[in-house]
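Working through the structure, step by step
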Amino acid sequence: MTFPKPHRITLPNGLRVVVVPMRGNPTVTVEVLVEAGSGHEDKKVNGISHFLEHMCFKGTKNRSTAHVIANEFEEIGAQNNAFTGEEYTGYWAKARTKHFEHIFDIVADLFLNPLLPAKELEKERGVVIQEINMYDDQPRSVVGDALDELMYGDQPAGRTILGTKENIRTLTRQDLVAYREKHYVASKTLIVVAGGITISHVVRLARKYFGHLPKEKALRKPPVKEQQSKPALVVKPKKTQQTHFLLAFRGFSANDPRFIAARGLARVLGSGMSSRLFQKLREEMGVCYYANSRATGRTDYGVFVIQAGVDNNRLEEVVTVILKEVQKLKEILIPEKELKKTKEMAVSSIEMGLESSDAMADWYGIPELLRFKRQTPEQAQKEIRRVTAKQLQSVAKVLLKNSTMNFAVIGPVKNKEKLKRLLKI
């Protein structure tokens, strides 16, 4: 498969633009990203990045209310949304190619001209608090927050993206204005457009709308501090129908050359229905519905996670089995047939996942914003195919060890101390 090539332009004010022309594609996606997420927040305003994202939809200089904005998108059949992470916030829209200028205008207006009306601020507090409540009712979400706090403690990486209810109740309009002025600047902003468009058309609109965005100093998030010498455990007691847990090891940043191998290990262990964990826990033992693993890389740290929801009465048995599977990755080379299958799944998922304009925008957007190693889909596929069983084993020995092991669990755990004694490989 031949993928479209990205084109990169930097405006005089430092704002970056990525254009991915997809000849013949009937849609176009416009995404504006900014380096401003929960990792940039002080504890007293934790949650402000996400709250600001909500408020940008509550009226702009050119579109007075949330209803006007939503109606204008839907009148042309466009899809749109926004998202906040630890290191970024993004605003996007997707529509038929003929509506490119229209959705560019709306997304730019949301990003550049939000009114942040005080009346809407008071109402939106309730919306965000209900969003927090929604996730608090989901064990899989709660256990993820527990793991972050266990691993990173009282620093931004250990806090939630949504923030606390107490913070949301006390944030003021001036707080939002000050945070936005500090972070929504040209040097921290990226526009990515993918679809049936031309480079010149995108650059012309980028200069028209974003050429006057202030060229201020980019404020980076503080580096994540990591310190651990033995396995760590946190238990959140709760009456649930199954016990949910995350077994995690401190991993590699996205730019670390070992990160690609860490992702390969995660695929072997828990990606797909033929993976080792799925076969062992679900098909052989019948103790769970879901079981998976993943390697996640940020700008300055990473994590290798194994996740499952299991029979309440068999948690200790499951932990023992998983740790044996982890140990095998360190001691026994992955068979060539299994490795080939895993690589083929990863390579194919890239091709099947990049058929749409929004997927292509996502592929280039956040990595470009955060200055990860630049990779085309073809380059990523080549890297995946080059990984050997010996490389995977070598990385497993570095990655999967007692001194970096963390276990977060939510459910009716009966014997915390016994569980803690099991955490060793």
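This report concerns the structure included in the present document. (Residues numbered from 1 in each chain as written. Predicted model: local features only at pLDDT ≥ 70, side-chain atom pairs only at ≥ 80, totals over all residues. Heavy atoms only, no water.)

Thoughts on the pairing of strand 6 (residues 189-195)
- In terms of residue burial, strand 6 counts as a mostly covered element, since seven of its seven residues are buried.
- Alternating residues of strand 6 divide into T189, I191, V193 and G195 and L190, V192 and A194, and every residue in both groups is buried.
- Taken together, the six bridges between strand 2 (residues 16-21) and strand 6 define a ladder with parallel strand orientation. In the sheet register, V19 faces strand 6, and the bridge partner there is V193.
- Bridge count for strand 3 (residues 27-34) against strand 6 is seven bridges, and the pairing is antiparallel. Note that in strand 6 the partner of V28 across the bridge is G195. (Buried < 20%, exposed > 50% of the residue type's maximum accessible area, 1.4 Å probe, protein only. Helix = DSSP H or I, 4+ residues; strand = E, 2+ residues; numbered from the N terminus. Pairing = 2+ DSSP bridges.)

Quick look at the sheet that holds strand 6
- Here we have six strands laid out as an open sheet, ordered 1-2-6-3-5-4, and mixed in their pairing. Each of the sheet's edge strands pairs with one partner strand only, and the pair in question is strand 1 (7-10) and strand 4 (79-84). On average, adjacent strands in this sheet sit at an angle of 15 degrees to one another, irrespective of strand direction.
- Set on the sheet, helix 3 (residues 100-112) makes contact with strand 3, strand 5 (89-96) and strand 6; between it and strand 3 the angle comes to about 15 degrees. (Axes fitted to C-alpha atoms, helices over the stretch in contact; angles between N-to-C directions. Contact = heavy atoms within 4.5 Å.)

Considerations on the sheet that holds strand 8 (residues 242-250)
- Read across the open sheet, the five strands follow the order 7-11-8-10-9; overall the sheet is mixed. Of all strands in the sheet, those bounded by a partner on one side alone are strand 7 (232-237) and strand 9 (288-297). Pairs of neighbouring strands in the sheet enclose a mean axial angle of 10 degrees, with direction left out of account.
- Inspection of the sheet shows strand 7 paired to strand 11 (residues 405-411) by six bridges, in the parallel sense. For A232, the partnering residue across the bridge sits in strand 11 and is N406.
- Set on the sheet, helix 5 (residues 139-152) makes contact with strand 7, strand 8, strand 9, strand 10 (302-311) and strand 11; between it and strand 8 the angle comes to about 30 degrees.

Details of helix 3
- With 13 residues, helix 3 should cover 18 Å at 1.5 Å per step; its first-to-last C-alpha distance of 18 Å lies within 8% of that length.
- Burial analysis of helix 3 places ten of its 13 residues in the buried class, the great majority of the element.
- Residues of helix 3 that are buried: F100, I103, F104, I106, V107, A108, D109, L110, F111 and L112.
- Where helix 3 is buried, its residues touch strand 3, helix 2 (66-75), strand 5, helix 7 (173-183), strand 6 and helix 8 (199-210). (Expected span 1.5 Å × (residues − 1).)

Some thoughts on the nonpolar core
- Formed by 54 residues in total, the largest nonpolar core has its most connected members in F73, F100, I103, F104, F111, V193 and F210.
- Broken down by element, this core gets its largest block of residues, nine residues, from helix 3.
- Setting aside anything within four residues of it in sequence, one finds V193 in contact with V18, V19, V20, V28, T29, V30, F100, F104 and V202.
- Counting residues in hydrophobic clusters, the runner-up holds 46 residues, among them F252, I306, V326 and A396. (Core = buried A, V, L, I, M, F, W, Y, C linked by side-chain atoms within 4.5 Å.)

Focus on the pairing of strand 8
- When you tally the buried positions in strand 8, you get eight out of nine residues, the bulk of the element.
- Two elements, strand 8 and strand 10, share nine bridges in a ladder whose sense is antiparallel. Residue pairing for strand 10: Q242 is matched across the bridge by D311.
- Direction of pairing for strand 8 relative to strand 11: antiparallel, over a ladder of six bridges. Opposite F249, over in strand 11, you have M405 as the bridge partner.

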